[in-house]
Amino acid sequence: MYKRGVVHGDIKSDNMMFKLKDTNMPVLIDWGLSYVVDENSKKAPNAIYDLATQWHHPFSSFLFKRKLLDKYDTFLQKLKADGLELTRDTVLPFALSSYSNFMNQHNNQFLSLYNLFTSFYMEDFMMYLEKSEMISSEYLIMYNIVLKYIVEYIIDVLVSYTINYKFDIDKYFNEVYLMNIDTWGVLSLYYDIVEKKKETFSISEKDYKMLVNKIMYLMIDNVFKNGNKIIDLTKVTNDIKKI
């Protein structure tokens, strides 16, 4: 769709149906968050700045807010005035504080990833935590793991697309985000498998764990990292075939 400048923006299991006569042909419904990109324009469409960030959107989606962009510009000018270069370390405070502020008001994206990682990792963590530490530690461990992935992803974008203390969000949108957003939505369909109980599937406990391990590898290796790069669909396809 992105080659035609069309973004659905809300691909998830609830918005996917199948034709009765051809169950191999999915049909997307609910185009309420969709928008069309002008192929002759180099700017991100105005529509994206007004859309709410969904749980199945790329972590960088929250950057498409004009007030946040103004704050980042102020941060960059202070960095320049102080004679500091933009690096992963110098931009970390901005990325972390900005997403934390966003998360406090719009926590659906964070909670979705938190639940996903909890479903996958918590059993192993519980094996190694002392009973007295479980209540306080399990939340902090998962919180830090999830936040690390999100913030590192955002830093990838900021460092790669900030040139001479100016952030080119339009370039990022056209080179990366446009190609990734609906791919991200399609791959989020696998969340359901990880978060559901093993009893939901007619397979052994061992096979279920292997399945979940492969899905988590798929998501972590292809989706949750490298925010400045287009998702490699060839690699994703090959990884899915291995599942």
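Residues numbered from 1 in each chain as written. Predicted model: local features only at pLDDT ≥ 70, side-chain atom pairs only at ≥ 80, totals over all residues. Heavy atoms only, no water.

Undergrad: How do you make sense of helix 2 (residues 66–81) when you look at a structure like this?
TA: An α-helical segment advances 3.6 residues per turn. Residues three or four places apart therefore align on the same side. Counted at 1.5 Å a residue, the expected span for helix 2 with its 16 residues is 22 Å, and the 23 Å between its end C-alpha atoms agrees. G83 sits one or two residues past helix 2 and shows a positive phi near 75 degrees. (Helix = DSSP H or I, 4+ residues; strand = E, 2+ residues; numbered from the N terminus. Expected span 1.5 Å × (residues − 1).)

Undergrad: I tried to follow the packing of aromatic side chains on my own but got confused; where do I start?
TA: The relation between two aromatic rings is expressed through the spacing of the ring centres and the mutual angle of the planes. What the rule picks out here adds up to 25 aromatic pairs. Between the aromatic rings of Y49 and F64, the centroid separation amounts to 6.0 Å while the plane-to-plane angle is 65 degrees, which identifies the pairing as edge-to-face. Of the two residues, Y49 sits in helix 1 (residues 47–50) while F64 sits in the loop between helix 1 and helix 2, which places them 15 residues apart along the sequence. One exposure class covers both Y49 and F64, and it is buried. Each member of the aromatic cluster is reached from another via a ring pair, and the members are Y35, Y49, F64, Y161, Y172, F173 and Y177. Between R66 and the ring centre of Y49, over which it is positioned, the NZ or CZ distance is 3.9 Å. The ring of Y149 carries K148 above its face, with NZ or CZ at 5.9 Å from the centroid. (Phe/Tyr/Trp six-rings, centres within 6.5 Å; stacked < 30°, edge-to-face > 60°. Buried < 20%, exposed > 50% of the residue type's maximum accessible area, 1.4 Å probe, protein only. Lys NZ or Arg CZ within 6 Å of the ring centre and 35° of its normal.)

Undergrad: How do you make sense of the nonpolar core when you look at a structure like this?
TA: As a rule of thumb, soluble globular proteins bury nonpolar side chains together. Judged by nonpolar contacts, the single largest core of 66 residues is most densely connected at F167 and F224. Mapped onto this core, the elements with two or more residues apiece are helix 1, helix 2, helix 3 (88–105), helix 4 (108–128), helix 5 (134–160), helix 6 (169–187), helix 7 (191–195) and helix 8 (205–222). The biggest single contributor to this core is helix 5, with 11 residues. With residues near it in sequence (within four places) discarded, F167 still touches L63, L69, Y72, L76, V157, L158, Y161 and T162. (Core = buried A, V, L, I, M, F, W, Y, C linked by side-chain atoms within 4.5 Å. Contact = heavy atoms within 4.5 Å.)

Undergrad: Sorry if this is basic, but what is going on with the packing of helix 8 against helix 9 (residues 233–242) here?
TA: For any two helices packed against each other, one specifies the crossing angle of their axes together with the interaxial distance. Relative to each other, helix 8 and helix 9 sit at 170 degrees, their axes nearing to 10 Å. As summarised for this structure, helix 8 and helix 9 are arranged roughly antiparallel, according to the angle between their axes. Contacts from K214, Y217, L218, D221 and N222 of helix 8 reach helix 9 at K235, V236, D239, I240 and K242. Taken together, the residues of the contact of helix 8 with helix 9 break down into 4 nonpolar, 1 polar and 5 charged. (Axes fitted to C-alpha atoms, helices over the stretch in contact; angles between N-to-C directions. Parallel < 35°, antiparallel > 145°, perpendicular 65-115°, else oblique. Nonpolar A, V, L, I, M, F, W, Y, C, P; charged D, E, K, R; others polar.)

Undergrad: Whenever I open this one, the pattern of salt bridges confuses me. Can you help?
TA: One side chain can pair with another of opposite charge once the charged atoms of both are near each other. Tallied over the full model, the rule gives 10 salt bridges. One salt bridge in this structure joins D73 and K166, with 3.5 Å as the shortest N-O distance. Residue D73 is found in helix 2, and its partner K166 is found in strand 6 (residues 166–167); the two are separated by 93 residues along the sequence. Judged by relative accessible area, K166 falls into the partly exposed class, the value being 49%. D221 is the partner of K225 in a salt bridge, and the nearest nitrogen-oxygen pair spans 3.8 Å. (Salt bridge = Lys/Arg side-chain N within 4 Å of Asp/Glu carboxyl O.)

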